[in-house]
Amino acid sequence: VSYLLPVIGELEDFAWAPASAILVKSLYNSNVLSAIDFAEELGPGSDAIPTATIGWMFEYLPGVRELKWISGMAVAKAKDGK
């Protein structure tokens with residue numbers, strides 16, 4: 001629905017950005033991914049970037065998992081002892 005009314009869609013993104021960033025932070029414990037998600041939600045027309053999906057790939061896909069350091073996930077997991 002928000003894509004049909006451009007101004008409303010951008011206002012929804014503005015309201016959704018903090019909640020989305022908090023959810024990504026709680027899922028992946030990464031300040032980097034959370035900041036990227038927040039900026040992506042605020043940026044006009046950038047909704048096509050699947051930030052949470054990228055976090056999932058860093059977490060579970062072999063080959064991509066070794067690149068966790070890019071997102072800050074490996075450092076956060078090491079500090080938590082997980």
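Procedures and definitions
- Residues numbered from 1 in each chain as written.
- Predicted model: local features only at pLDDT ≥ 70, side-chain atom pairs only at ≥ 80, totals over all residues.
- Heavy atoms only, no water.
- Helix = DSSP H or I, 4+ residues; strand = E, 2+ residues; numbered from the N terminus.
- Expected span 1.5 Å × (residues − 1).
- Buried < 20%, exposed > 50% of the residue type's maximum accessible area, 1.4 Å probe, protein only.
- Arc of directions from axis to C-beta.
- Polar contact = N/O pair within 3.5 Å; in protein donor to acceptor, adjacent residues only side chain to side chain.
- Phe/Tyr/Trp six-rings, centres within 6.5 Å; stacked < 30°, edge-to-face > 60°.
- Contact = heavy atoms within 4.5 Å.

Draft legend 1. Looking closely at helix α2 (residues 31-42). Between its first and last C-alpha atoms α2 spans 17 Å; for 12 residues at 1.5 Å apiece the expected length is 16 Å, and the two agree. Those residues of α2 that fall on the buried side of the exposure criterion are L33, S34, D37, E40 and E41. Buried residues of α2, viewed axially, fall in a sector of 130 degrees; they line one side. Its side-chain oxygen at 3.4 Å from the backbone nitrogen of V32, S30 defines the N-terminal cap of α2.

Draft legend 2. Examining the packing of aromatic side chains more closely. Across all of its chains, the model carries 1 aromatic pair by this definition. Ring plane angle 40 degrees and centroid distance 5.6 Å describe the contact between W56 and Y60, whose orientation is recorded as tilted. Highlighted residues: W56 and Y60, both in helix α3 (residues 51-60), separated by 4 residues, approximately one helical turn. By relative accessible area, which is 41% here, W56 ends up partly exposed.

Draft legend 3. Representation of the environment of I49 within the structure. With respect to the helices and strands, the residue I49 is situated in the loop between α2 and α3. Judged by its relative accessible area of 42%, I49 falls in the partly exposed class. It is 8.6 Å that separates the C-alpha atoms of I49 and D37, two residues lying 12 residues apart in sequence. Beyond its immediate sequence surroundings of up to four residues, I49 is in contact with E40 and I54.

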